[in-house]
Amino acid sequence: MPYSDSSTQSASHASATPVRDSASATALASSKNHYSTNGSASEQAEILARAQAGDNQAFAQLYSMHKRRIYSLCLRMVGSVAEAEDLTQEAFLQFHRKIDTFRGESALSTWLHRLAINVVLMHLRKKGLQLTSLDEAMEPAPDQRPGRSFGAPDLILSGAIDRLALQRAIDDLPAGYRLIFVLHDIEGYEHNEIATLLDCSIGNSKSQLHKARLKLREALRNYPLPEARR
Amino acid sequence: MSQTTNYVACEAFQSKMPQLIASGADVADHPHFKDCDVCRALLADLETIAAAARELFPIVEPPDDLWEQIESAIEDEESEIGRHSNAS
């Protein structure tokens, strides 16, 4: 059983290196439409071209197309509505500053997604989460590490996970664990991509993900069953 | 193997699981894992948690006034850039 990678979603996260290129409109046109407010591919390409030419109304349309995905990403990564709003704002401000450097090596949505992740990572670093050495800095304090509970009743999770409990458990994860868990298990990044983003080893990313999942399992085991909460 | 002995083996195995996983080894090939229902159930739980988490987070709408804040910040930046251009 290829444990640590078996749950990886298929996601293509191409480089978001912002460099100038006129092919951006083509890339936008070929990107998948995940947003209900999106028009046709050619309309999107036209909107991008106008925004790159300095049309702020066109930029507002791009915001409408991508705001949900970016805000949701920020919310998942930091777990705080207020911080997610600030980070979404910062991500779109950076998008505005760099929009004319988008060259279309990847879909605009992918490029913007990567930009937003970098904004969140920068924010977390400012808050004191040192990501340069995950072994030391992302390892939570001993009381935050997952414990081992041998002999406890098996947790039969299949089909029985309490959504509220899982949501709370993810929210309560230490920042380093949550970062890896969200990037891999929710956003679908591969370990090699996470290693690049966080400047850590692939093995470290795998190890931290495992510990994050253990921590969640522990939290779920300690969460009262629905009938017990009534 | 007694229940107690089994838990000792589980503890040893689970203690080194992060290192095993980090090394890229296939945990399923480990002799203990092959014979241990407890550790297999543990990994099944973890996979189930990961799968459940993917279903958990809906795409949500940011507050309506967020765009106004962004637009205002963009205008401020553009004004600043304009002032610098005029000065030079």
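Cut-offs and rules
- Residues numbered from 1 in each chain as written.
- Chains lettered and ligands numbered in written order.
- Predicted model: local features only at pLDDT ≥ 70, side-chain atom pairs only at ≥ 80, totals over all residues.
- Helix = DSSP H or I, 4+ residues; strand = E, 2+ residues; numbered from the N terminus.
- Buried ≥ 20, exposed ≤ 12 C-beta atoms within 10 Å, placed from the backbone.
- Axes fitted to C-alpha atoms, helices over the stretch in contact; angles between N-to-C directions.
- Parallel < 35°, antiparallel > 145°, perpendicular 65-115°, else oblique.
- Contact = placed C-beta atoms within 7 Å.
- pLDDT = per-residue confidence, 0-100.
- Expected span 1.5 Å × (residues − 1).
- Domains from an automatic or database assignment.
- Nonpolar A, V, L, I, M, F, W, Y, C, P; charged D, E, K, R; others polar.
- Core = buried A, V, L, I, M, F, W, Y, C linked by C-beta atoms within 7 Å.

K.L.:
Give a description of the overall build of chain B that names residues and reports values.
P.N.:
When its secondary structure is counted, chain B shows four helices and zero strands. Starting at the N terminus and ending at the C terminus, chain B contains elements arranged as α-α-α-α. Based on the C-alpha atoms only, the size of chain B along its principal axes is roughly 80 × 30 × 20 Å. With 88 residues in all, chain B has 23% of them scored as buried.

K.L.:
Please set out the packing of helix α9 (residues 191-198) of chain A against helix α10 (residues 202-222) of chain A residue by residue, giving values where relevant.
P.N.:
All names here are of chain A. One way to put it is that α9 packs onto α10 with a least axis distance of 8 Å and a crossing angle of 105°. When the axes of α9 and α10 are compared, the pair comes out roughly perpendicular. Contacts between α9 and α10 pair H191, N192, I194 and A195 from the former with I202, S205 and K206 from the latter.

K.L.:
Any details on the confidence of the model for chain B? Residues and values, ideally.
P.N.:
Residue and element names in this part refer to chain B. Summarising the model, chain B shows a mean pLDDT of 86, and 93% of its residues fall at 70 or more. Put simply, helix α1 (residues 3-23) is where chain B has its lowest mean pLDDT, 81, and helix α2 (residues 31-35) is where it has its highest, 90. For this predicted complex, the interface score ipTM comes out at 0.78, alongside a pTM of 0.71.

K.L.:
Go over α10 of chain A, please, and point to the residues and values.
P.N.:
Here α10 of chain A is 21 residues long and its end C-alpha atoms lie 31 Å apart, about the 30 Å a rise of 1.5 Å per residue gives. Where burial is concerned, most of α10 of chain A is hidden: 15 out of the 21 residues are buried.

K.L.:
Any chance you could break down the domain arrangement of chain A for me, citing the residues and the numbers?
P.N.:
The domains assigned to chain A are domain 1 (24-126) and domain 2 (134-229). Contacts between the two partners involve seven residues from domain 1 of chain A and, on the opposite side, eight residues from domain 2 of chain A.

K.L.:
An account of helix α4 (residues 66-87) of chain B is needed here, citing residue identities and associated values.
P.N.:
Its 22 residues give α4 of chain B an end-to-end C-alpha distance of 32 Å, which sits within 8% of 32 Å, the value for a rise of 1.5 Å per residue. Buried residues are scarce in α4 of chain B, accounting for one of its 22 residues.

K.L.:
A description of the interface of chain A and chain B should follow, citing residues and the corresponding values.
P.N.:
Each side of the interface is counted separately: chain A has 47 residues, and chain B has 38 residues. Of all elements in the fold, only α3 (56-78), α4 (81-98), α7 (163-172), α8 (175-186) and α10 of chain A reach the threshold of two or more residues within the side of chain A that touches chain B. Looking at the side of chain A that touches chain B residue by residue, the class counts come to 18 nonpolar, 16 polar and 13 charged.

K.L.:
A description of the environment of I49 of chain B should follow, citing residues and the corresponding values.
P.N.:
For I49 of chain B, the location among the structural elements is in helix α3 (residues 37-56). With 20 residues separating them along the chain, I49 of chain B and Q69 of chain B place their C-alpha atoms 37 Å apart.

K.L.:
Go over the nonpolar core with me, naming the residues and quoting the values.
P.N.:
Grouped together as the largest cluster of nonpolar side chains are 62 residues, with contacts concentrated most on C74, A116, V120, L166, I180 and F181 of chain A. A per-element tally of this core places α3 of chain A first, with 11 residues. In contact with L166 of chain A, not counting residues within four places along its chain, are I161, L216 and L220 of chain A together with A52, A53 and L56 of chain B.

K.L.:
Got a sec to walk through unusual backbone geometry? Specific residues and values, please.
P.N.:
Positive phi, close to 60°, is recorded for D199 of chain A, a residue that is not glycine. Using a count of 11 C-beta atoms within 10 Å as the deciding quantity, one classes D199 of chain A as exposed.

K.L.:
Can you lay out the confidence of the model for chain A for me, pointing to particular residues and giving the numbers?
P.N.:
Residue and element names in this part refer to chain A. Per-residue confidence for chain A gives a mean pLDDT of 75, with 66% of residues at or over 70. Across chain A, α4 holds the top mean pLDDT of 96, while helix α1 (residues 24-30) sits lowest at 39. Low pLDDT, under 50, characterises residues 4-37; the predicted model gives this stretch 80 contacts beyond four residues in sequence or across chains. Here residues 132-138 scores under 50 on pLDDT; set against residues more than four positions off or in separate chains, the count is 13 contacts.

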